[in-house]
Each structure stands twice: as structure tokens, then as C-alpha cells.
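So you can see what is in the structure, the chains are spelled out below.
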Amino acid sequence: MQNILEFPEVLRLIEDRSAAFRAAIASAPDLDVQVPTCPDWTLRDLAQHLGDGRRRQAAIVAAGPGAEPPARTDPKGAPTAPRDREALDAWLAESTELMLDAMREAGPDRGCWTWWGRSQAPQTSGAVARHQIQEIAVHTYDVQLTQGTAQPLPTDVAVEGVDEFLTTVSATTVPWPFKPATIDLHATEGRSWRLTLNADGVHCDDLAADAEPGDMAMRGTASDMVLYFYERAPLDSVETTGNTEPMEQLAEWDPNE
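For every chain, the first residue of its written sequence is number 1, and the numbers climb from 1 along that sequence. It should be noted that, the model being predicted, local features are given only for residues of pLDDT at least 70 and side-chain atom pairs only at 80 or more, the latter also being counted only at that level, while totals for whole chains, interfaces and linings use all residues. Only heavy atoms go into the side-chain values, all of them from the structure, while hydrogens and water stay out.

1. Notes on the UniProt feature "domain: MDMPI C-terminal" (unreviewed entry) in the protein chain
The UniProt record annotates "domain: MDMPI C-terminal" (unreviewed entry) at residues 156-244. For helices the rule is a DSSP run of H or I covering at least 4 residues; for strands it is a run of E covering at least 2, with both sets numbered from the N terminus onward. Across residues 156-244, helical content stands at 26% and strand content at 33%; the span's end C-alpha atoms are separated by 27 Å. UniProt positions are given in the numbering used here, feature names are shortened, and annotations may be inferred rather than shown by experiment.

Spelled out as C-alpha cells, the structure:
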């Protein structure tokens, strides 16, 4: 499979979603309210997570290949996000720019530590960048939802997000422990994928136009699919046909246990 987006476009989408996240945080009347989709966190906690997380990713990408992520250089641990609104916005913007600078310096093909060593995604800064779009986009949705203004993920972000999730999060070489199955996913935006689940693991491919139907099919907008993948929406938010058990098993299965 080929990446949908070129590296400069991936970086542009990171900037776009980061700006949307900052705008959503800036418009929130109260940063101490609980986030429904992250019930252990307030909006302030979520801002802390996004800012610190991008700084950690900057350090990981800059460190290059490694068996473990680099240790924090600050003995105090994670930096604390400012409480002042203007300072918080500037801190979040700086956090994103630090990560983007590291990615630009590394380029898309440089190796770096990742947590997905057994997936189809390469262990490169380019793959990290792809995943960052989705993390920031989904947390932007979380902030919007908290304020009652949740919006679908932008089309280019969402279509990229389906592909990225299937190849990075779903795919694995760990043998599938249940009955073999095939799951077809059809985004209304015109892209289709097939997941094959068997003794070789879970593998994702573009779905051939002349392929026989799989055991299950999922149809919906790419945004609805991504929100389902990240447990922001139930399975019935998309149309399904066939046996849904393999998708439900996949959602519950942890291949690292």
C-alpha cells in the first residue's frame, strides 16, 4: 500500500489540526470541565497532554533509531502547561513547532523509535507524523464535543486516518486467535480497504474492485470510521453488513498480551 499523502501535506495537516485544537481550547469558557470522551481528564489536562506529547515526539524523532524512547532530559519530568490563557496558547503552538522542526530536519524516511514494531507501518519519522495527525484531530474533536460543538473530522484528515489506523494500529504479525475472517471497509469518499485476519496476523490492503465480498463490510464516512476506531462513536454509527463479530473481536483484542 502507498501512503495517501506526501510528507509536506502530512506536516500541513498537523499544523491545521493543531491550530484547530488551540482554537477550541481558547474558546472554552472553563478549562476545568471534564472531557466526556476522556473522563479522567479536564480540558486543561487535555491541553497538558497535547503540549507535552508533541514535545516528547520531537525528542523521539530527533533521537533517531532506538530500542527504547529517549529518556527525558528534564529531571522534573513533563513541563507544566501555563494556566494563563495567552501563555497556554503560545506554549501549545511552540510544542507543535518543536515537533514539526524535528520532523522537517529528519525527513520522512529516517528511523526512530515507535510503539508499533509489529504493524505494517514503518518505524520512521514519516509514520510518526501520519499518526500525529490523528492524535491531534481526535483530541480536537474531544474539546469540541465537551463544548457541544463537535464537528466531523475534515475529509482529508479522515480518509488518511482510516488508512493510518488500519496499517498502524490494526495490522500486526501476531497470529489472529479467532476464526479467520475478512473485513471490508468502504468510505463514502471513495476509498476501500480489506483487513485479512488469520494465522499470519492482521493485514491491510486496498480492496480490489473485483474482489468477492468479505465476511463483513463497514460503510460510512471516513470521519465516522475514525471516530469509531478511537472509541468516540459506537459501531452502529456506520452501516454494517454480514457478521460483525470479527470487528468486535478486533476492537477488544490486545495482541501484546
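2. A few points about the pairing of strand β3 (residues 181-187)
Throughout, exposure labels follow a simple rule: accessible area from a 1.4 Å probe, protein chains only, divided by the maximum for the residue type, with under 20% read as buried, over 50% as exposed, and the rest as partly exposed. Taking burial as the measure, the seven residues of β3 include seven buried ones, the bulk of the element. Burial along β3 is two-sided: the residues A181, I183, L185 and A187 and T182, D184 and H186 are all buried. Should DSSP find at least two bridges between two strands, the strands are taken to pair. Direction of pairing for β3 relative to strand β4 (residues 192-198): antiparallel, over a ladder of six bridges. Opposite I183, over in β4, you have L195 as the bridge partner. Hairpin remark: β3 followed by β4, antiparallel, with four residues in the connecting loop; positive phi at G190, about 110°. Where β3 lies against strand β6 (residues 216-220), five bridges are found, and the strand directions are parallel. Paired with H186 across the strands is R219, a residue of β6.

3. Topic: the sheet that holds β3
Within the open sheet, the five strands sit side by side as β5-β4-β3-β6-β7. Their pairing is mixed. Each edge of the open sheet carries a strand with a single partner, namely β5 (201-206) and β7 (239-242). Recorded for the sheet is a direction-independent mean angle of 15° between the axes of neighbouring strands. As judged from the six bridges shared by β4 and β5, these two strands associate in the antiparallel manner. Lines fitted to C-alpha atoms define the axes, with helix axes restricted to the stretch in contact, and inter-axis angles between N-to-C directions lie between 0 and 180 degrees.

4. Notes on the nonpolar core
Nonpolar cores are built from buried Ala, Val, Leu, Ile, Met, Phe, Trp, Tyr and Cys residues. Side-chain atoms within 4.5 Å join them into one set. Formed by 71 residues in total, the largest nonpolar core has its most connected members in I14, M103, L185, L195, M218, F229 and M247. Here a residue-residue contact requires only that any non-hydrogen atoms of the pair lie within 4.5 Å. Among all residues touching M103, those that are not within four sequence positions of it are F7, L11, I14, V61, V128, A129 and Q132.

5. Quick look at the side chain of R44
The residue R44 is located in helix α2 (residues 43-63) in this model. The class of R44 is buried, set by a relative accessible area of 17%. Setting aside chain neighbours within four positions, we find R44 in contact with L31, D32, P82 and R83.

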